[in-house]
Amino acid sequence: MKETQTIETSKASVSKTERITGSEAIIKCLIAEGVDILYGYPGGAIMPVYDELYKYRHDIHHVLTRHEQGAAHAAQGFARISGRVGVAIATSGPGATNLITGIADAQIDSTPLVCITGQVPSNLLGTDAFQETDIIGISTPVTKWNHQVTDASEIPEVLAKAFYIAKSGRPGPVLIDITKDAQFGELDFKYEKCIGVRSYNPVPKIEINDVKAAAKLINAAKKPMIVWGQGVILGKAEEALKAVVEKAGIPAAWTIMGASALPTSHPLNIGMVGMHGNYAPNKLTNECDVLIAIGMRFDDRVTGDLNTYAKQAKVVHFEIDPAEVNKNVHADVAVLGNSKDSLEALLPLLNENSHKAWHQEFKDLYAIEFEKVIKDDLHPTKEGLTMGEVLKEINIQSEGDAAIVSDVGQHQMIACRYSEFNKTKSNITSGGLGTMGFALPAAIGAKMAAPEREVVAIIGDGGFQMNIQELGTIFQQKVPVKIVVLNNEFLGMVRQWQQLFFDKRYASTEMTNPDFITIAKGYYIAGKRIAKRDQLADAVKEMIASKESYLLEVCVEKEDNVFPMIPSGASVSDIRLS
């Protein structure tokens, strides 16, 4: 989108004109957008805004994270569980660049963020001034939109546009860089919410002929299969998905970003696709005759080798972003639009069906997976604890109502595979970017956005140490998140690949860890370390019962692997059970 484009504004949101500074205008814009929590870290180039935040501290709660990356991930957690726009703020230079990992994570996982960074005065731009960085240039590839403000009068219109773009259509992160002189400058302030941007069409109009063509293929199918992604959650299409699945009797699988849109216990929920997904939906992807993709982008971790992926099937793709259609997998029928509207249009055109014989094929393959993988994960006979049995105990103690915030690695795959989700927006993880260090700050944001929910962070010993300083944020803010560190003293997923594909050359993956419980104690967070099976149930019960934050470290088997597994670049048909 070009800077010359005009925006449409809501006249209902016009405020009375008043003369104020740019920094106060920023705060008033945030309040007008309903922002009551934001995450950040102060510094010289953003100090005027923090001065105004102090004045408005009863209207907006600022959370001082211990690192700007933590601020971005906390804003992500906030957005993912609430459906609202998360807000992060930082100073120029290293403050701004420290946000980039979280912004990139939000971009690939379609998370709505507005990030505000301070910048050196406009007369110093391009002079290599102290803490000057071209954050616009740096962030351009990983933002939905960005803009640099050099004049205070721009602030209301630019921030209104930022919030609109971040949350409309396929959501994503927006970065607004504001020079220090623009923060000090004055303007005649009034705020009008943005309701449209010329030439930007965030939600394509549904073509009913495409819906009819999709219905025709689905009704004629003998072996249809649904794979849904986060687009169902972002589009608030959970009930519409359930209605479609139940009426047409179609087995439905999910990507890790789509997990929890349909309850885990639903009889037509056939599990997870992808590199460490379930055996049946991966295997039968290459046997279905119609593949219905809903709000997913055919990521390489889902498809494996594209040359062999679902070549026998007609593909129907329901998608809000035209750029994703035919990008990786050719669609015989593409239905563009919001997933809720598209599925509601599809529903009356579908025939009732059950596909009993087809469902039996999934059940037969699940039985194989249970005997070869799941039974050992959840009901182990070995002496050491498994990650799977820890998740099983968390399911029992939380009754499947917890929001699970997982980091990246083996524990992430185990958490996604074995968590029981009764509610939507219950699986919060770094899917596309795979950012270690995501879970601890994201859990903070999730708990603050949904204080009524139990929020449990599942983290490996490696990822925990990437943002372990955010224990300080938990302590200062009194955020009662529950933290489970699954400690195998390895960078487990990398070690697994080294074992399977590099002849057990464990190069730089074994971890010599500190005493995590003592560290937690230093932050006044209660904790316990366990290593035996007979300790597990009581320890998880104590953690869940705690009204405050709690760290449970579980020492698990050091060299357990996560199966099933599709080797990198292999076909989904080549999924391995051992």
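Since the model is a prediction, treat every value here as computed from it, not as a measurement.

Considerations on the overall build of the protein
Counting its secondary structure elements, the protein contains 22 helices and 22 strands. In terms of overall dimensions, the protein is globule-like: its C-alpha atoms have a radius of gyration of 24 Å, near the 25 Å expected for 578 residues. The principal-axis extent of the C-alpha atoms belonging to the protein is close to 70 × 60 × 40 Å. Every one of the 578 residues in the protein was classed for burial, and the buried ones make up 58%. Considering only intrachain contacts with a sequence separation of at least 6, the fraction spanning at least 24 residues in the protein is 78%. Summing over all exposed atoms, the protein offers an accessible surface of approximately 22,700 Å²; the carbon and sulfur share of this is 51%. Across the protein, the centroid of the 58 positively charged side chains sits 4 Å from that of the 70 negatively charged ones.

Topic: the pairing of strand β5 (residues 86–90)
Burial analysis of β5 places five of its five residues in the buried class, the great majority of the element. Burial of the side chains of β5 extends over both faces: Gly86, Ala88 and Ala90 are buried on one face and Val87 and Ile89 on the other. In the sheet, strand β3 (residues 37–40) pairs with β5 via two bridges, with the strands oriented parallel. Bridging across to β5, Gly40 finds its partner in Ile89.

Looking at the packing of aromatic side chains
Counting across every chain of the model gives nine aromatic pairs. Aromatic side chains Phe298 and Tyr309 sit 6.0 Å apart centroid to centroid with 75° between the ring planes, which places their arrangement in the edge-to-face category. Residue Phe298 is located in the loop between β14 (290–294) and α12 (300–303), and its partner Tyr309 is located in the loop between α12 and β15 (314–319); the two are separated by eleven residues in the primary sequence. The same class applies to Phe298 as to Tyr309, namely buried.

Notes on the sheet that holds β14
One open sheet holds the six strands; their spatial order is β13-β12-β11-β14-β15-β16, and the pairing between them is parallel. Looking along the sheet, the strands with just one partner apiece sit at the ends: β13 (269–272) and β16 (333–336). Here the average twist between neighbouring strands, direction ignored, is 20°. One ladder, built from five bridges, connects strand β11 (residues 224–228) with β14; its direction is parallel. Pairing of Ile226 across the sheet is with Ile292, part of β14. Across the sheet, helix α8 (residues 208–220) is in contact with β14, β15 and β16; its angle to β16 comes to roughly 135°.

Some details on the sheet that holds β5
On the basis of which strands lie adjacent, the open sheet formed by six strands has the order β4-β3-β5-β6-β8-β7 and parallel pairing. Each edge of the open sheet is held by one strand with a lone partner, namely β4 (61–64) and β7 (145–149). On average, adjacent strands in this sheet sit at an angle of 20° to one another, irrespective of strand direction. Here four bridges tie β3 to β4, and the two strands are oriented parallel to one another. Counterpart to Gly40 in the pairing with β4 is Leu64.

Brief notes about α8
For the α-helix, the turn length of 3.6 residues means that residues three or four positions removed from each other point alike. Under the 1.5 Å per step criterion, the end-to-end length of α8 is 18 Å for 13 residues, consistent within 8% with the ideal 18 Å. Taken as a whole, α8 has its buried residues at Val211, Ala214, Ala215 and Ile218. Angular distribution of buried residues about the axis of α8 spans 100°; they occupy a single face of the element. Facing away from the buried side of α8 by more than 90 degrees, the exposed set consists of Asn209, Lys216 and Ala220. Those residues of α8 that are buried lie in contact with β14, β15, β16 and α13 (339–346).

Section: the nonpolar core
Counting residues in each nonpolar core, the largest one holds 96 residues, and the members touching the most others are Ile226, Trp228, Leu291 and Leu346. By residue number, the principal contributor to this core is helix α14 (residues 356–378), which donates six residues. Residue contributions to this core reach at least three from each of two domains, namely domain 2 (208–362) and domain 3 (383–555). With residues up to four places along the chain from it excluded, the contact list for Leu291 reads Met225, Val227, Phe298, Tyr309, Ala310, Ala313, Lys314, Val315 and Val316. Ranked by size, the runner-up nonpolar core spans 51 residues in total, among them Ile136, Ala442, Ala446 and Phe464.

A closer look at the packing of helix α1 (residues 22–32) against helix α6 (residues 155–167)
Running from N to C, α1 and α6 cross one another at 30°; their axes reach a closest spacing of 10 Å. Note that α1 runs across α6; the crossing there is right-handed. Contacts between α1 and α6 involve Gly22, Ala25, Ile26, Cys29 and Leu30 from the former and Ile155, Pro156, Leu159 and Phe163 from the latter. Residues of the contact of α1 with α6, tallied by class, amount to eight nonpolar, one polar and no charged.

Notes on the domain arrangement of the protein
Partitioning the protein into domains gives domain 1 (14–191), domain 2 (208–362) and domain 3 (383–555). The centre of domain 1, based on its C-alpha atoms, is set 30 Å off from the matching centre of domain 3. A combined buried area of about 2,000 Å² lies between domain 1 and domain 3, and 62% of that area is made up of carbon and sulfur atoms. Run the count over domain 1 and domain 3 and you get zero salt bridges. Our enumeration of links across domain 1 and domain 3 arrives at eleven residue pairs in polar contact (both at pLDDT 80 or more). At the level of secondary structure, the elements contributing two or more residues to the side of domain 1 that touches domain 3 comprise β3, β4, α3 (68–82) and α4 (94–108). Here the side of domain 1 that touches domain 3 is built from residues that sort into nine nonpolar, twelve polar and four charged.

Description of α13
Taken together, the buried positions of α13 are occupied by Ser339, Ser342, Leu343 and Leu346. For α13, the arc enclosing every buried residue in end-on projection is 95°, short of the 170-degree limit, so these residues lie on one face. With a side-chain oxygen positioned 2.8 Å from the backbone nitrogen of Lys340, the residue opening α13 is Asn338.

What to know about the pairing of strand β19 (residues 455–460)
With six of six residues buried, β19 lies mostly within the body of the structure. Alternating positions in β19 separate into two faces, Val455, Ala457 and Ile459 on one and Val456, Ile458 and Gly460 on the other, with burial throughout. In terms of strand pairing, β19 meets strand β20 (residues 482–487) through five bridges, oriented parallel. Looking across to β20, one finds that Ala457 is bridged to Ile483.

Parameters at a glance
Residues numbered from 1 in each chain as written. Predicted model: local features only at pLDDT ≥ 70, side-chain atom pairs only at ≥ 80, totals over all residues. Heavy atoms only, no water. Helix = DSSP H or I, 4+ residues; strand = E, 2+ residues; numbered from the N terminus. Rg over C-alpha atoms; globule rule 2.2 N^0.38 Å. Buried < 20%, exposed > 50% of the residue type's maximum accessible area, 1.4 Å probe, protein only. Contact = heavy atoms within 4.5 Å. Areas by Shrake-Rupley, 256 points an atom, 1.4 Å probe, with all protein chains shown as cover. Lys, Arg positive; Asp, Glu negative; His and termini not counted. Charge placed at Lys NZ, Arg CZ, Asp CG, Glu CD. Pairing = 2+ DSSP bridges. Phe/Tyr/Trp six-rings, centres within 6.5 Å; stacked < 30°, edge-to-face > 60°. Axes fitted to C-alpha atoms, helices over the stretch in contact; angles between N-to-C directions. Expected span 1.5 Å × (residues − 1). Arc of directions from axis to C-beta. Core = buried A, V, L, I, M, F, W, Y, C linked by side-chain atoms within 4.5 Å. Domains from an automatic or database assignment. Left-handed = near helix turned anticlockwise from the far one by under 90°. Nonpolar A, V, L, I, M, F, W, Y, C, P; charged D, E, K, R; others polar. Buried area = accessible area lost by both parts, 1.4 Å probe. Salt bridge = Lys/Arg side-chain N within 4 Å of Asp/Glu carboxyl O. Polar contact = N/O pair within 3.5 Å; in protein donor to acceptor, adjacent residues only side chain to side chain.

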